[in-house]
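In case you want the letters, here they are:
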Amino acid sequence: MTEISLYNTLAREKQRFEPFDDKNVRMYVCGPTVYDYAHIGNARPVVVFDVLFRLLRHVFGEEHVTYARNITDIDDKIMDRAHNEGVGIKTISNRYAKVYAEDMALMGALSPSLTPRATEHLPEMIRMMQKLIAQGNAYEAEGHVMFHVPSMENYGRLSRHSRDELVAGARVDVAPFKRDPADFVLWKPSSDDQPGWGSPWGRGRPGWHLECSCMIEKHLGETIDIHAGGQDLIFPHHENEIAQSECAHGSQFVRYWMHNGYLTVDGEKMSKSLGNFHTVHDLVQDHPGEALRLSLLTAHYRQPIDFSLDSVAEQKRRLDRWYRLVDGVEVSKSVPPSVIAALADDLNTPKALAALDRLAHDKEAAELKAGAQFLGLLLQGTSAWFQGEAPEGITVGEIEDAIEARLAARDNKDFAESDRIRDRLKSFGVILEDGPSGTSWRKADQE
RNA sequence: GGCGCGAUGGCGGAGUGGCUACGCAGCGGAUUGCAAAUCCGUGUACACGAGUUCGAUUCUCGUUCGCGCCUCCA
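Residues numbered from 1 in each chain as written. Chains lettered and ligands numbered in written order. Predicted model: local features only at pLDDT ≥ 70, side-chain atom pairs only at ≥ 80, totals over all residues. Heavy atoms only, no water.

**So, the side chain of aspartate 103**
- Along the chain, aspartate 103 falls in helix α3 (residues 89–106).
- Of the side chains with opposite charge, lysine 98 comes closest to the buried, unpaired aspartate 103, at an N-O distance of 9.8 Å.
- Polar contacts involving the side chain of aspartate 103 include one to the side chain of histidine 281, which spans 3.3 Å.
- In this structure aspartate 103 touches Val280, His281 and Val284, once residues within four positions along its chain are discounted. (Helix = DSSP H or I, 4+ residues; strand = E, 2+ residues; numbered from the N terminus. Buried < 20%, exposed > 50% of the residue type's maximum accessible area, 1.4 Å probe, protein only. Lys, Arg positive; Asp, Glu negative; His and termini not counted. Salt bridge = Lys/Arg side-chain N within 4 Å of Asp/Glu carboxyl O. Polar contact = N/O pair within 3.5 Å; in protein donor to acceptor, adjacent residues only side chain to side chain. Contact = heavy atoms within 4.5 Å.)

Quick look at the structure:
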């Protein structure tokens, strides 16, 4: 069996991956809060951990891997949006959850095995809070339920923050009802006009750390193999998940923690005011999902990555070359070992891509196709990739007629006419290529 | 202040104690009516300073610069 090694944030080192039960490998990735379109940075963990999902299924068998990615459908940002639009939170969360699923599919991500929603797990959350209160790990205060951080001996293991350091920082919000400045919210009260659920502590709603602990407990169990997300989630989100789950269960929560690096755009943090804010929804209008996916895989997942439209265009050209090579080729039955080996080494996607380039260079088209498809690439037919739908202002029939007319002109050595036709097609964004088997056309690249 | 990450050729980006990464772009050539595509060829790269070593881009220490997190955030 292929040996997988993964960098475990908890240990701060690469470790051999040994699942708790190799017939039931369990992974969980923190999913979106559905209050708006996902941006390209949100897509990074989706794509890189999709590659992990594929690798685990390859090594352990599809039926032995369960991947859960949640939908956070209760949150103050969703409430704000719903309030502004004068609709219920379900309208907002359903709308953006649907778009999210569509956009991530266009990015080539497989659907997770499970996509649990926070609002469907209120009973589990209440039960976990009751247990934590009974054990002295949590307490009620003014309609809130707070987790009491000093009640957990080794709080801060993942982020390597000590409680003292946290308290020393002036940015800790010290609400008067907190017993300790580091305590965090499990449950907070809702006013009459806010969404809320009944609980032993009054009508309210959950804090955002609790849902992940409860959904994991319900769908994957008390101990799971892999929990992943963006680096920014290490603290406080994942730290607090550990606190909740390990105190509630008295057992190890997660065996391997994985965190992807941040994404910048044109060297700067993405922001609407800088004009470098890219939603996936917008990007997939103008760029092939595979080129977007590939550009996210060019860097190792733990490294920071700088996203730009130039890099998307560059990866589009790389895919062009591969697509030309695999035209009409039947995919190999087995995934190239060089690709698997690279991915098994802590998801080294740049190395896997180099292996694909090697196969392309060696004209191993069937192998290239198998390796690329394993990574969620080269999934279309070659003509669909290059032509897609006809460009604006011209039909496929007209393009084909023009190609015929140009061939006739060339046969007559009327190159002026031939070039005129080619230039005219070019003005519609249609590029001609004269190959040994005749003339073919493709759409010009963006920009 | 605390915790952590990084600095590789024009650009992107792996990796290694001594041996070509790879891709994109560029340049030269083949091919082509001309192009495009393709093929061949083409790069005194590893922030700086010490140290360890027969040998360091790779290990150690320091310096400089950049970045992330420290209860909204993938």
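**Things to note about the packing of helix α2 (residues 76–85) against α3**
- Packing of α2 against α3 leaves a shortest axis separation of 8 Å and a crossing angle of 110 degrees. Accordingly, the angle class assigned to the pair α2 and α3 is roughly perpendicular. By crossing handedness, the relation of α2 to α3 is classed as right-handed. Taken together, the residues of α3 that come into contact with α2 (itself represented by Ile78, Met79, Arg81, Ala82 and Glu85) are Ile89, Ile92, Arg95 and Tyr96. (Axes fitted to C-alpha atoms, helices over the stretch in contact; angles between N-to-C directions. Parallel < 35°, antiparallel > 145°, perpendicular 65-115°, else oblique. Left-handed = near helix turned anticlockwise from the far one by under 90°.)

**Section: the domain arrangement of chain A**
- Each domain of chain A was delimited in the assignment, giving domain 1 (5–263), domain 2 (309–382) and domain 3 (389–443).
- Each of domain 1 and domain 2 has a C-alpha centre, and these two points are 34 Å apart.
- Across the boundary between the two partners, domain 1 contributes 11 residues, which contact 12 residues of domain 2.
- Taking both partners together, domain 1 and domain 2 bury about 1000 Å²; carbon and sulfur atoms supply 65% of that area.
- Summed over the three residues of domain 1 that lose the most area to domain 2, namely Val51, Arg54 and Leu55, the buried surface amounts to 46% of that side.
- The tally of links between domain 1 and domain 2 comes to 1 salt bridge.
- We note a salt bridge from lysine 14 to aspartate 345, for which the minimum N-O separation is 2.8 Å.
- Along the contact surface separating domain 1 from domain 2 lie 5 residue pairs in polar contact (both at pLDDT 80 or more).
- Secondary structure elements with two or more residues in the side of domain 1 that touches domain 2: β1 (5–8) and α1 (40–60). (Domains from an automatic or database assignment. Buried area = accessible area lost by both parts, 1.4 Å probe.)

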